[in-house]
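One-letter residues, chain by chain:
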Amino acid sequence: MGEEGSSGSATKGGMSSMDSMESHRWVFQDSHDSDIEFDRQNDSDLNDDDSTNDNGDDDFTFHNDSDEDDDDEQEDSLYQKLIRTGPRIDSFGVEALEVPGAHRSDFEDASFGKSIFLICQTLGVVFGDVGTSPLYTFSVMFSRAPIETNEDIIGALSLVLYTLILIPLIKYILIVLLANDDGEGGTFALYSLICRHAKVSLLPNQLASDTRISSFRLKVPSAELERSLKIKEYLETSLTLKKLVLVLVLAGTSMVIADGVVTPAMSVISAVRGFKVGVPTVEQDHVVMISVAYLVILFSVQKYGTSKVGLIIGPALFIWFCSLGGIGIYNLVKHDSSVVKAFNPIHIYYYFKRNSYKAWYSLGGCLLCATGSEAMFADLCYFPVRTIQMTFVFLVLPCLMLGYMGQAAYLLDSDGDATQAFFSSIPDVAFWPVFLIANIAALIASRTMTTATFSCIKQSTALGCFPRLKIVHTSRKFMGQIYIPAINWFLMASAVLLVCTIASTNEIGNAYGIAELGVMMMTTFLVTLVMLLIWQINIVIVVLFSLIFLGLELLFFSSVLSGIGDGSWIILVFAIVIFLIMCIWNYGSKLKYETEVKKKMSMDVLRELGCNLGTVRAPGIGLLYNELVKGVPAIFGHFLTTLPAVHSMIIFVCIKYVPVPVVPQNERFLFRRVCSKGYHIFRCIARYGYKDVRKENHQIFEQLLIESLEKFIRREAQERSLESDGDDDDSDFEDDPSRVLVGPNGSVYFGVNDTGNGIDNHYITISETTTSNEPDKAPANSDPEQSLENELAFLHKAKESGVVYLLGHGDIRAKKDSWFIKKLIINYFYAFMRKNCRRGTATLNAPRSHLIQVAMTYMV
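This write-up is about the structure you can find in this document. Since the model is a prediction, treat every value here as computed from it, not as a measurement.

Our next topic: the overall build of the protein chain. Along its length, the protein chain carries 29 helices and 14 strands. Looking at the protein chain residue by residue over its 860 residues, the buried ones come to 61%. The long-range share in the protein chain, meaning contacts at least 24 apart out of those at least 6 apart in sequence, stands at 84%. Carbon and sulfur atoms make up 60% of the accessible area of the protein chain, which totals about 32600 Å².

On to the side chain of Thr-387. Of note, Thr-387 is situated in helix α16 (residues 385-413). A relative accessible area of 15% means that Thr-387 is categorised as buried.

Mapped onto the elements of the fold, Ile-635 is located in helix α24 (residues 634-642). For the pair formed by Ile-635 and Thr-857, sequence separation is 222 residues and the distance between their alpha carbons is 9.8 Å. Here Ile-635 is in contact with Leu-624, Gly-808, Val-854, Met-856 and Tyr-858, once residues within four sequence places are set aside.

Among the nonpolar cores identified, the biggest contains 168 residues, and Phe-127, Phe-138, Leu-157, Tyr-191, Trp-320, Phe-321 and Val-339 are the most heavily contacted of them. Per-element tally for this core: the top contributor is helix α20 (residues 505-535), with 18 residues. In this view, Trp-320 contacts Gly-131, Thr-132, Leu-135, Phe-422, Val-434, Ile-437, Ala-438 and Ala-441; residues no more than four positions away in its chain are not counted. Counting residues in hydrophobic clusters, the runner-up holds 34 residues, among them Met-603, Phe-639, Cys-675 and Val-804.

Another point: the pattern of salt bridges. Per the stated rule, a full pass over the model turns up 13 salt bridges. Residue Glu-148 is joined to Lys-358 by a salt bridge in which the shortest nitrogen-to-oxygen separation is 3.9 Å. With Glu-148 in the loop between α5 (137-144) and α6 (150-173) and Lys-358 in helix α14 (residues 356-366), this residue pair connects regions lying 210 residues apart in the sequence. By relative accessible area, which is 60% here, Glu-148 ends up exposed.

Moving on to helix α21 (residues 539-561). If you check α21, its first and last C-alpha atoms are 32 Å apart, about what 23 residues at 1.5 Å a residue would give, namely 33 Å. Looking at α21, one finds that the buried residues are Val-542, Phe-545, Ser-546, Phe-549, Leu-550, Leu-552, Glu-553, Phe-556, Phe-557, Ser-559 and Val-560. Against the buried residues of α21 lie α5, α6, α14 and α20.

At a minimum axis distance of 8 Å, the contact between helix α9 (residues 239-272) and helix α22 (residues 569-598) shows a crossing angle of 135 degrees. By the angle class used here, α9 and α22 are oblique. Here the hand of the crossing between α9 and α22 comes out right-handed. For the pair α9 and α22, contact is made by Leu-246, Val-247, Leu-250, Ala-251, Thr-253, Ser-254, Met-255, Ile-257, Ala-258, Val-261 and Val-262 and by Ile-571, Leu-572, Phe-574, Ala-575, Ile-578, Phe-579, Met-582, Cys-583 and Asn-586, respectively. Residues that form the contact of α9 with α22 fall into these classes: 17 nonpolar, three polar and no charged.

Our next topic: the pairing of strand β7 (residues 616-625). Where burial is concerned, most of β7 is hidden: seven out of the ten residues are buried. One ladder, built from eight bridges, connects β7 with strand β8 (residues 645-657); its direction is parallel. Looking across to β8, one finds that Leu-624 is bridged to Phe-652. Bridge count for β7 against strand β13 (residues 803-813) is five bridges, and the pairing is parallel. By the bridge assignment for β13, Leu-623 is matched with Tyr-805.

Position of Ser-559 among the secondary structure elements: in helix α21. Contact partners of Ser-559, with chain neighbours within four places excluded, come to Arg-144, Trp-360, Tyr-361, Leu-363 and Gly-364.

This part is about the packing of aromatic side chains. Enumeration according to the criterion identifies 26 aromatic pairs in this entry. Ring centres 5.5 Å apart and planes at 55 degrees place the aromatic pair Trp-320 and Phe-422 in the tilted group. A residue pair is termed long-range when its members are at least 10 positions apart, and Trp-320 in helix α12 (residues 306-334) and Phe-422 in helix α17 (residues 421-424) qualify at 102 residues. For Trp-320, a relative accessible area of 0% translates into the label buried. A residue is classified by how much of its surface remains accessible, and Phe-422, at 3% relative accessible area, is buried. Aromatic side chains Tyr-657 and Tyr-688 sit 6.2 Å apart centroid to centroid with 45 degrees between the ring planes, which places their arrangement in the tilted category. Here Tyr-657, found in strand β8, pairs with Tyr-688, found in strand β10 (residues 681-688); they are 31 residues apart in sequence, far enough to count as distant. Its relative accessible area of 0% is what places Tyr-688 among the buried residues. Grouping aromatic residues by their ring pairs yields a cluster made of Phe-275, Trp-320, Phe-422, Phe-423, Phe-431, Trp-432 and Phe-435.

Below, the discussion takes up the state of the cysteines. A complete count under the given rule lists zero disulfides for this structure. Free cysteine: Cys-399, not disulfide-bonded; nearest cysteine sulfur from Cys-322 at 5.9 Å. Overall, the relative accessible area of 10% leaves Cys-399 in the buried class. The thiol of Cys-611 is unpaired, and the distance to the nearest cysteine sulfur, on Cys-675, comes to 8.7 Å. Looking at Cys-611, the relative accessible area reads 38%, which means it is partly exposed.

Below, the discussion takes up unusual backbone geometry. Although it is not a glycine, Gln-536 sits at a positive phi angle of roughly 55 degrees. Among the secondary structure elements, Gln-536 is positioned in the loop between α20 and α21. A relative accessible area of 10% means that Gln-536 is categorised as buried. Positive phi, normally seen in glycine, also occurs at Leu-613, with a value near 60 degrees.

Turning our eyes to something else, we now look at the environment of Lys-835. Summarising the element assignment, Lys-835 is placed in helix α28 (residues 820-836). For Lys-835, a relative accessible area of 67% corresponds to the exposed category. For the pair Lys-835 and Asp-811, spaced 24 residues apart in sequence, the C-alpha to C-alpha distance is 9.9 Å.

Let us now look at the pairing of strand β9 (residues 669-674). Most of β9 is tucked away: six of the six residues are buried. Burial along β9 is two-sided: the face carrying Phe-669, Phe-671 and Arg-673 and the face carrying Leu-670, Arg-672 and Val-674 are both buried. Bridge count between β9 and β10: six bridges; the pairing is antiparallel. Along β10, the bridge assignment pairs Arg-672 with Arg-683.

Rules of the game
Residues take numbers from 1 onward in each chain, read along the sequence in its written order. Only residues with pLDDT of 70 or above have their local features reported here, since the model is predicted, and side-chain atom pairs are shown and tallied only from 80 upward, although totals for entire chains, interfaces and linings are computed over all residues. No hydrogens and no water enter the side-chain calculation; it runs on all heavy atoms of the structure. Helix and strand labels come from DSSP, where a helix needs a run of H or I of at least four residues and a strand needs a run of E of at least two; each type is numbered from the N terminus. The buried label applies to any residue whose accessible area, calculated with a 1.4 Å probe on protein chains only, is under 20% of its type's maximum; exposed applies above 50%, and partly exposed to all values in between. In what follows, residue pairs with any heavy atoms lying within 4.5 Å of each other are defined as contacts. For accessible areas, the Shrake-Rupley method is used with a probe of radius 1.4 Å. Any residue's cover is judged against the shown protein chains and nothing else. Grouping buried Ala, Val, Leu, Ile, Met, Phe, Trp, Tyr and Cys residues that are joined through side-chain atoms within 4.5 Å yields what is termed a nonpolar core. Salt bridges, as used here, are contacts in which a Lys or Arg side-chain nitrogen is within 4 Å of a carboxyl oxygen on Asp or Glu. Every helix has an expected span of 1.5 Å times one less than the residues it contains. Under this scheme, a helix contributes an axis fitted over its contacting stretch, all axes are lines through C-alpha atoms, and angles between N-to-C directions fall in the 0 to 180 degree range. Roughly parallel means an angle under 35 degrees; roughly antiparallel means over 145; roughly perpendicular covers 65 to 115; every other angle is labelled oblique. Should the near helix be turned counterclockwise from the far one by less than a right angle, the crossing is left-handed, whereas a clockwise turn marks it as right-handed. Residue type decides the class: Asp, Glu, Lys and Arg count as charged, Ala, Val, Leu, Ile, Met, Phe, Trp, Tyr, Cys and Pro as nonpolar, and the leftover types, Gly among them, as polar. Any two strands are treated as partners once DSSP identifies two or more bridges connecting them. Centres within 6.5 Å make a pair out of two Phe, Tyr or Trp rings, where for Trp the six-membered ring is used; the pair is then stacked when the planes are under 30 degrees apart, edge-to-face when over 60, and tilted otherwise. For the purposes of this analysis, a disulfide is any pair of cysteine sulfur atoms at a distance within 2.5 Å.

Take it as geometry only, folks, not as evidence of what the structure does.
This is how it looks when you write it as structure tokens:
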């Protein structure tokens with residue numbers, strides 16, 4: 001340990017609300033085919049790698065102190081024999097004031113009116129980006145490859161039509177959207193999905209109990225599909241593969257954030273350029289000034305949320321799509337309906353045959369027709385999959401195709417400006433109304449990637465790959481709808497800078513293609529892994545998916561990279577900077593956690609200090625927040641040496657994010673006792689998914705925590721008493737807490753034999769009514785001072801004395817003999833990000849008068 005210090009500080013507010021729990025009925029099938037029922041709320045098999053002889057806690061687990069891998073196999077073999085038979089309401093769930101399932105966004109029973117409502121919102125939030133692509137696709141294509149003959153127009157149209165069919169429709173709508181993580185989309189949702197099926201996370205805080213959260217919904221690779229088992233084994237045993245998967249995820253996320261910058265710039269400036277068609281005297285500087293004003297307005301209204309804004313702009317985008325289709329039909333009828341022959345892919349072959357280089361170079365513009373495809377996946381958290389699929393197939397895609405065909409028909413029949421194909425093809429009578437709608441649609445399109453960026457950053461923050469930021473939930477009903485102020489203004493500043501620096505639509509379009517293709521390729525890699533590991537489909541299908549789409553995207557990518565020297569390199573540099581920030585934060589967080597694990601206090605030290613912990617135990621409850629899921633944190637020793645006294649009851653509270661969107665409320669918490677009863681030390685692990693909302697109310701938090709702890713103590717005492725009465729010869733059971741499974745509701749299950757050969761099929765059930773009404777019986781060899789009545793009285797007295805939040809700030813510094821790069825990363829970059837990110841006090845919102853902070857620095 002290096003430098004140490006302490007301070008007292010606070011912010012007003014409270015802790016996140018501890019959501020309700022519902023007991024579940026499970027049936028255990030023993031070796032004699034006899035069913036024994038017991039209550040199960042949450043798994044509390046928080047087994048430390050190190051047992052009580054190696055710096056660990058006394059565990060309440062199924063198993064003894066054998067090798068951890070063997071323990072996991074024992075747990076798995078046990079839970080394969082459990083059958084869940086349904087929930088049972090518990091009083092703890094009533095007081096949480098939450099409705100189970102409130103986080104759902106599936107709307108399985110949505111009425112017709114609700115469906116129309118969702119379609120309007122979907123148009124406004126999800127399809128704005130891809131919907132405005134006709135504003136600039138042909139303009140950029142024909143700027144890169146000027147028209148020489150009418151066959152060039154047909155070839156370019158055919159290329160656009162089949163790009164729309166292959167990428168947005170087949171890849172994303174029909175395949176990628178199905179790889180969602182319980183309704184969540186984006187690169188981090190794919191990573192979360194992979195982490196649940198294979199231990200690929202680099203942060204060593206996984207617990208076996210996490211895999212038994214119901215929302216994991218694991219499909220265990222079957223013995224017949226050896227390919228899935230081998231891939232799982234390779235991923236779990238190879239550190240290189242783990243790092244490679246994480247790098248792909250971080251690269252994809254950085255491209256999404258870069259896309260959030262370039263999308264508003266491209267959409268807005270393309271729409272405003274229409275002024276130059278309607279008013280020829282308008283100069284490019286005027287276009288830039290108006291675009292900047294639009295961008296400021298756009299990001300200023302972002303804080304009002306997806307539901308509110310989406311409902312307003314949804315009908316506007318519906319009018320836009322109808323306008324696209326209507327103008328397309330008008331141009332087909334008036335000019336040249338023969339463009340329908342572009343559906344024959346032979347024209348793509350002719351297009352490349354006439355001038356291969358020009359056709360290849362135009363691919364950078366053709367790709368823009370598929371921009372927004374990734375946004376459909378990243379914004380999946382807002383709406384059901386089926387709604388997005390149906391809206392795209394029956395409304396968005398037909399209107400887009402008609403719009404492109406109408407532009408091509410106009411260009412075939414006239415000598416209009418190909419670089420302003422959309423606005424030139426609008427009938428004079430309808431020009432200004434369509435121009436107004438186009439500008440509104442451009443603003444909507446800009447919001448699409450902005451909301452996708454918010455979603456990806458929230459996911460990456462929860463999984464430890466992005467600095468903590470203030471996240472505002474804009475909807476009381478839909479928990480996935482968020483707004484991140486710092487990112488919002490950062491994106492606005494970057495977009496304004498991009499518009500002012502690169503005013504050319506062609507150059508911005510090239511930057512747009514770089515960002516979009518970067519995300520697409522990372523998604524292809526991750527979905528391929530999902531197909532192999534989770535879907536377990538035929539290898540031929542997997543190979544075809546990878547070859548077709550990855551090959552197509554690499555071809556597009558080579559085209560956009562050829563124009564990187566014209567200024568579009570700025571967006572690539574931006575993405576690299578974001579990628580480095582995420583890598584540094586992940587590396588520093590991982591190193592900090594590993595150091596805290598190594599430096600954790602030994603249980604032998606606590607035993608030598610005795611029940612008073614070598615200091616004064618003042619009345620009250622101390623909630624010590626730390627990141628460790630196992631062992632006693634070293635910061636606790638620093639509290640003991642820094643403070644003149646510690647509280648009579650200590651609870652280690654760990655807020656842990658697991659790789660699922662939402663942790664069911666009844667499976668939120670894990671509890672256990674640390675040391676013997678005389679120490680009055682407990683551990684609580686609160687598990688959250690990356691989509692969960694932690695509602696800040698410290699009073700509800702304290703109430704629910706203490707009620708749950710009381711229930712824990714009651715059931716522990718009663719079931720120990722019953723075990724002692726039922727088997728007097730097994731008295732050593734009562735003295736070894738590592739052989740007891742304790743649920744967070746207080747349920748205690750004895751399940752390990754003394755031979756170390758496996759898990760006994762012997763479980764005891766105590767119903768809630770029995771627990772509350774029958775007198776508690778203390779074990780025969782128990783000290784009278786440790787009886788149930790005394791311990792509960794001790795708990796109530798501590799509660800009356802007050803609850804104090806003990807917050808330990810653990811910082812890391814590189815050792816003097818470390819490499820220069822490591823010193824630079826840890827001592828400067830990571831330290832700067834930790835200093836400026838959202839601190840723990842802001843996250844917890846603990847009341848000012850109830851907060852004590854202690855700082856500690858580790859040398860790594």
